[in-house]
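Here is how the chains run, residue by residue.
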Amino acid sequence: MKIGVSWRICALIGAVLFAACAPSDPPSSPQSDANGAASSTPTTAPAQTSAATPATAAVETSTPAPAPDSQQRPAWPGIVLIKTMSGLKNPVDLAHARDGSGRVYVVEQRGLVQAFNNGFQGQTPFMDIRDQVNCCGEMGLLGIAFPSDFSSSRTLYVNYTTTVPGRLHTRVSRFRLLPDVHQVDPDTEEILLQFHQPWRNHNGGQIAFGPDDYLWIGTGDGGSAADPQDNGQKGQTLLGKLLRIDVSPASDSPYSIPEDNPFVGNDQFLDEIWAYGLRNPWRFSFDRETGDLYIADVGQNAWEEVNFQPADSPGGENYGWRIMEGFHCFNPSTGCPTAGLIMPVVEYDRVSGMSITGGYVYRGQDQPSLQGIYFFADYVTGNIWGLRRVNGVWESKLLLDSPYNVSSFGEDEAGNLYLLHYSGTIFQIQAAGQN
């Protein structure tokens, strides 16, 4: 996983997710080829909550039915990247604690978390669990989440890979801060979830509190290529899923199952599962204004995709992997059964990129022209797109061809949006002409 000479050389090798060509390690074995369809423009589908067959893709330039002037499509903004933080080693996540402090916390893949205040890094790491983390490649400390009561509970949650013993596992744990010190006490770890990873790739890693204050966890399909164990479609494994658990301290167990989880009482599925059919949902996020959920799922051979789940969803969605990749049949390669599958709202091919990195819907106040746009990028090519729904039609546009390996996005408490370059620099996304 060494970028070394150039990310463009890396692109020729091929990437299977964000870390396929990251610094400090040899390249992972390619599991997706560089051949895709001829189009280089992401294709989008009409807004939908379910689909029996793949929707016909509508390119960004398609025109919907006439609408009143007040509902016409706004112009897409230009964007610029403003360097705000640097000196990091392989940053893979950025979060805030919702405590009014203005701090942001940056996860370094090797097992550190750095706290920043007004762009200045703390003198000592906020968290150090390097001795527990199995890094790197597609492994490591991959995600962090703060509950809404962080300022009083002084607890936080992380998602990382570890060896237990001699076998790779994903672990989701709760930690507490040291008394009277704004640092994590590594000896307070309480393991909530731990499950075996059959291969070293496709570990997911995203962890976030939803608008419901439940903890949501994205898991990959377990790795290798083409999901050989069909974990994405199996209900008796946590792999290839979106999980939802209640970590409030009301029970003696590390967590409980929300009563409205869609598969409670269904013997075919584990109770923790909210949705399934995912390959490697490296990054997902909630729209802080609407509660809608965006899931960027890394593709296999040809297509990267963004899935959308409305805030009022009862859960239970099947996003199709490994039956489908994007809008296209994967296994079988033709004539695949699509009844009941949820199609993505946008996809792109190998001309545009090889490994999707999901972002956030901008809801800050300082960049009004960015309002309501969901940003996502490609780790290999550095392309950054915007996605939005206008008059019921999804549309996307390439906003910037950057030179960066975009490992993740993040937002601060004020709604400012950040882009993480895996080589160690963090940029704020701003509208061109407004910085």
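Scoring rules and cut-offs
Throughout, residues of each chain are indexed from 1 in the direction in which the sequence is written. pLDDT decides what is reported in this predicted model: residues at 70 or higher carry local features, side-chain atom pairs at 80 or more are listed and counted, and totals for whole chains, interfaces and linings draw on all residues regardless. Side-chain numbers come from the whole structure's heavy atoms, not from hydrogens or water. One requirement defines pairing of two strands: DSSP has to find at least two bridges between them. Numbering of helices and strands starts at the N terminus; helices are DSSP runs of H or I of at least 4 residues and strands are runs of E of at least 2. Only C-alpha atoms enter the line fits that serve as axes; for helices the fit covers just the stretch in contact. Angles between N-to-C directions range over 0 to 180 degrees. Relative accessibility under 20% of the residue-type maximum defines a buried residue, over 50% an exposed one, and the middle range a partly exposed one, all with a 1.4 Å probe and only protein chains included. Side-chain atoms alone can form a polar contact between residues adjacent in sequence; in general such a contact is a pair of N or O atoms within 3.5 Å, and within protein one must be able to donate a hydrogen while the other accepts it. Confidence of the predictor at the level of single residues is captured by pLDDT, which takes values from 0 to 100. Residues count as neighbours in contact if any of their non-hydrogen atoms are within 4.5 Å of one another. We call a pair of cysteine sulfur atoms a disulfide when they lie within 2.5 Å. Stacked, edge-to-face and tilted labels apply to pairs of Phe, Tyr and Trp rings (six-membered ring for Trp) whose centres lie within 6.5 Å, assigned for plane angles under 30 degrees, over 60, and everything in between, in that order. When a carboxyl oxygen of Asp or Glu lies within 4 Å of a side-chain nitrogen of Lys or Arg, that pair is called a salt bridge.

Some thoughts on the sheet that holds strand E15 (residues 241-245)
Read across the open sheet, the 4 strands follow the order E13-E14-E15-E16; overall the sheet is antiparallel. Two strands in the sheet have a free side with no partner beyond their single neighbour: strand E13 (207-209) and strand E16 (273-276). The average angle at which neighbouring strand axes cross in this sheet is 20°, direction not considered. Of the strand pairs in this sheet, E13 and strand E14 (residues 215-218) are connected by 3 bridges, and their pairing is antiparallel. When the sheet's bridge partners are listed, Ile207 is paired in E14 with Ile217.

Considerations on the sheet that holds strand E24 (residues 374-378)
Adjacent strands of a sheet form backbone hydrogen bonds with each other and so pair up, either parallel or antiparallel. Strand order across the open sheet formed by 4 strands is E23-E24-E25-E26, with antiparallel pairing between neighbours. Every other strand in the sheet has two partners, leaving strand E23 (356-361) and strand E26 (393-401) as the edge strands with one partner each. Within this sheet the neighbouring strands show an average axis-to-axis angle of 25°, counted without direction. Judged from the 4 bridges that link them, E23 and E24 form a sheet pairing that is antiparallel. Its bridge partner being in E24, Gly358 is matched across the sheet by Phe376.

Regarding the side chain of Asn201
Relative to the helices and strands, Asn201 resides in the loop between strand E12 (184-196) and E13. Classification of Asn201 as buried rests on a relative accessible area of 8%. Polar contacts involving the side chain of Asn201 include one to the side chain of His202, which spans 3.4 Å.

Brief notes about the pairing of strand E29 (residues 425-431)
A large share of E29 lies buried, amounting to 7 of its 7 residues. Of the two faces of E29, the one lined by Thr425, Phe427, Ile429 and Ala431 and the one lined by Ile426, Gln428 and Gln430 are each fully buried. The pairing of strand E3 (residues 79-85) with E29 spans 6 bridges and is antiparallel. Within E29, the position partnered with Leu81 by the bridge is Ile429. What sits between strand E28 (residues 417-421) and E29 in their antiparallel hairpin is a turn of 3 residues, with Gly424 showing a positive phi close to 130°.

Describing the confidence of the model for the chain
When pLDDT is averaged along the chain, the result is 87, and 84% of the positions lie at 70 or above. Counting contacts from residues 1-40, a segment whose pLDDT is below 50, to residues more than four positions away or on other chains yields 112 contacts. The low-confidence segment residues 47-70, where pLDDT is below 50, has 47 contacts with residues more than four positions distant or belonging to other chains.

Some remarks on the state of the cysteines
Counting across every chain of the model gives 2 disulfides. Paired by a disulfide, Cys135 and Cys136 hold their sulfur atoms 1.8 Å apart. Classification of the bridge connecting Cys135 and Cys136 rests on its S-S torsion, roughly 85°, and on that basis the disulfide is right-handed. A relative accessible area of 14% places Cys136 in the buried class. Put simply, Cys329 and Cys336 are joined by a disulfide, and their sulfur atoms are 2.1 Å apart. Across the S-S bond of Cys329 and Cys336 the torsion is about -75°, and the bridge reads as left-handed. On the basis of relative accessible area, Cys336 is assigned to the buried category, the value being 9%.

What to know about the packing of aromatic side chains
For the structure on display, the rule yields 22 aromatic pairs. A centroid spacing of 5.4 Å and a plane angle of 70° characterise the contact between Tyr157 and Phe209, whose relative ring orientation is edge-to-face. With Tyr157 in strand E10 (residues 155-163) and Phe209 in strand E13, the pair connects residues that are 52 residues apart, well separated along the chain. With a centroid separation of 5.2 Å and an interplanar angle of 70°, the aromatic rings of Tyr294 and Phe308 are classed as edge-to-face.

Re the pattern of salt bridges
This structure, assessed with the given rule, holds 13 salt bridges. Its salt-bridge partner being Arg130, residue Asp128 comes within 2.7 Å of it at the nearest N-O pair. Residues joined in a network through salt bridges with shared partners are Arg73, Arg388 and Glu395.

Observations concerning the environment of Ser407
Here Ser407 is to be found in strand E27 (residues 406-411). Sequence spacing of Ser407 and Thr357 is 50 residues, and the spatial spacing of their C-alpha atoms is 6.4 Å. Within the structure, Ser407 has its side chain in polar contact with the backbone oxygen of Pro91 (distance 2.7 Å).

Looking at the environment of Val133
Note on placement: Val133 falls in the loop between strand E8 (127-128) and strand E9 (141-145). Counting along the chain gives 38 residues from Val133 to Arg171, while the straight-line C-alpha distance between them is 9.6 Å. The residues contacting Val133, other than those within four sequence positions of it, are Gln109, Arg110, Gly111, Gly140, Leu141, Tyr160 and Thr161.

Concerning the environment of Leu156
Mapped onto the secondary structure, Leu156 falls in strand E10. Measuring from C-alpha to C-alpha, the distance between Leu156 and Ala97 comes to 8.8 Å, with 59 residues separating the pair along the chain.

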